[in-house]
Amino acid sequence: MKVNNEQKSNIKADNHSLFKNEEKIIKNKYRFFIGMFNNQTPDFHNILNELYNADDKSILELRIMSPGGLVVECQQIVNLLENKFKENSIAYIESHASSAGAFTFIRANKRVIYWNSRIMFHNYSGGYVGKYKDMKDRFEFDEKHILNFLGYAKRFFTKKEWKELINGKDFWFDAKEMLKRGIATHIILNGKEYDRKKGLKKLKKFLKKNKEISLDDYLKSIEEKEN
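Residues numbered from 1 in each chain as written. Predicted model: local features only at pLDDT ≥ 70, side-chain atom pairs only at ≥ 80, totals over all residues. Heavy atoms only, no water.

Caption draft 1: Structural context of the packing of helix 1 (residues 42-52) against helix 2 (residues 71-84). Closest axis-to-axis distance for the helix 1/helix 2 pair is 11 Å, and the angle between their directions is 10 degrees. On the basis of their axis angle, the class for helix 1 and helix 2 is roughly parallel. Side by side, helix 1 and helix 2 meet where Phe44, Leu48, Leu51 and Tyr52 of the first sit next to Glu73, Gln76, Ile77, Asn79, Leu80 and Lys84 of the second. (Axes fitted to C-alpha atoms, helices over the stretch in contact; angles between N-to-C directions. Helix = DSSP H or I, 4+ residues; strand = E, 2+ residues; numbered from the N terminus. Parallel < 35°, antiparallel > 145°, perpendicular 65-115°, else oblique. Contact = heavy atoms within 4.5 Å.)

Structure follows, in C-alpha cells:
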C-alpha cells in the first residue's frame, strides 16, 4: 500500500510563485515564494484565489526574498494570513525582507530565519497628483490608515526608535538582532531548527566559529605566510 501519494501543482505570477503539496496523511501545504510586491495581475489573483479556497487545516509557508513594493499588496497578503491561515502560517526570510517584505514576515505565526537573513523596516513612501484639497485629504487619510497598519511592528521597537522610523529612518536588523527582539521565533543553523532562546546561543557560537575576516586582515595573513 502506498501511503505517501503526493501531487504537485503550481501557479506563477511576475514576482511570486505558489506550489501546493497534497498528501493523504498530512495536511495540505502551500509554499508561496514572495518577491517584489508589485503583482496586480490575473496570475497573482489566481494565487490568492487558490489560497482562499484551501481547506481550514491547510498550512501556508511563505518564502520571502523581497526588496518591498506596494503597501496595498502587502495588505492583501496580510489579510490572507490573518483571516485564512492565522494559526497555520510559517514565514522564512530566504535572504532579505525589506519594507513590505518585513511587514508581511512579522504577521506569520511562526517566523524562521537563517544566520545570514536580514530585515529592514521603514515608513511608507508615495506621492499624490491632483487638486490641493484632494491631495491634502488623501494624505491625512493615508497617514492614519497606513500607519495604523504598519503599527503592528511597534512591539519590536522602543518608543524612541518607532518615532525615528515614522520620521524616515530605515532600521536594518541581522539574525542576532531579530532573535533578540522576537522578530524571528526560530533559526535554522547547519540544517537544524532552534527556537529563539536556544537559537540565539547557537548563533553566537556559530558566528564566533565562522567569523569573517576583513580584506586587510586576509592580505596580512597572506604576507605572514609568505614571510
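Caption draft 2: Spotlight on the environment of Leu200. Its place among the elements puts Leu200 in helix 7 (residues 196-209). Under the relative-accessibility criterion, Leu200 is labelled buried at 17%. Separated by 14 residues in the primary sequence, Leu200 and His186 place their C-alpha atoms 9.1 Å from one another. Apart from the residues lying within four places of it in its own chain, the contact partners of Leu200 are Lys176, Leu179 and Lys180. (Buried < 20%, exposed > 50% of the residue type's maximum accessible area, 1.4 Å probe, protein only.)

Caption draft 3: Structural detail: the packing of helix 2 against helix 4 (residues 132-150). Orientation of helix 2 relative to helix 4, taken along the N-to-C sense of each, is 45 degrees, at an axis distance of 12 Å. Classified by the angle their axes make, helix 2 and helix 4 are oblique. Crossing of helix 2 against helix 4: the hand is left-handed. The segment helix 2 lies against helix 4, with Val71, Cys74, Gln75 and Val78 engaging His145, Ile146 and Phe149. (Left-handed = near helix turned anticlockwise from the far one by under 90°.)

Caption draft 4: A look at the nonpolar core. Core analysis: the largest hydrophobic core is formed by 52 residues, its most contacted members being Phe32, Ile119 and Phe121. Here this core takes 5 residues from helix 2, the largest share from any one element. Ignoring anything within four residues of it in the chain, the contact list for Ile119 reads Ile93, Ala97, Ala102, Phe105, Phe171, Trp172, Phe173, Met178 and Ile183. Within the second largest apolar cluster, 5 residues are counted, among which are Ile90, Tyr92, Tyr114 and Ile188. (Core = buried A, V, L, I, M, F, W, Y, C linked by side-chain atoms within 4.5 Å.)

Caption draft 5: Up close: the packing of aromatic side chains. This structure, assessed with the given rule, holds 8 aromatic pairs. On the numbers, 5.4 Å between centres and 90 degrees between planes, the contact of Phe121 with Phe157 is edge-to-face. Here Phe121 is found in strand 7 (residues 118-121), whereas its partner Phe157 is found in the loop between helix 4 and helix 5 (159-166), with 36 residues between them in sequence. The same class applies to Phe121 and to Phe157, which are both buried. On the numbers, 6.2 Å between centres and 40 degrees between planes, the contact of Phe171 with Phe173 is tilted. Accessibility expressed as a relative area gives 6% for Phe171, which makes it buried. Through a chain of ring-to-ring contacts, the aromatic side chains of Phe103, Phe121, Phe157, Trp162, Phe171 and Phe173 assemble into a single cluster. (Phe/Tyr/Trp six-rings, centres within 6.5 Å; stacked < 30°, edge-to-face > 60°.)

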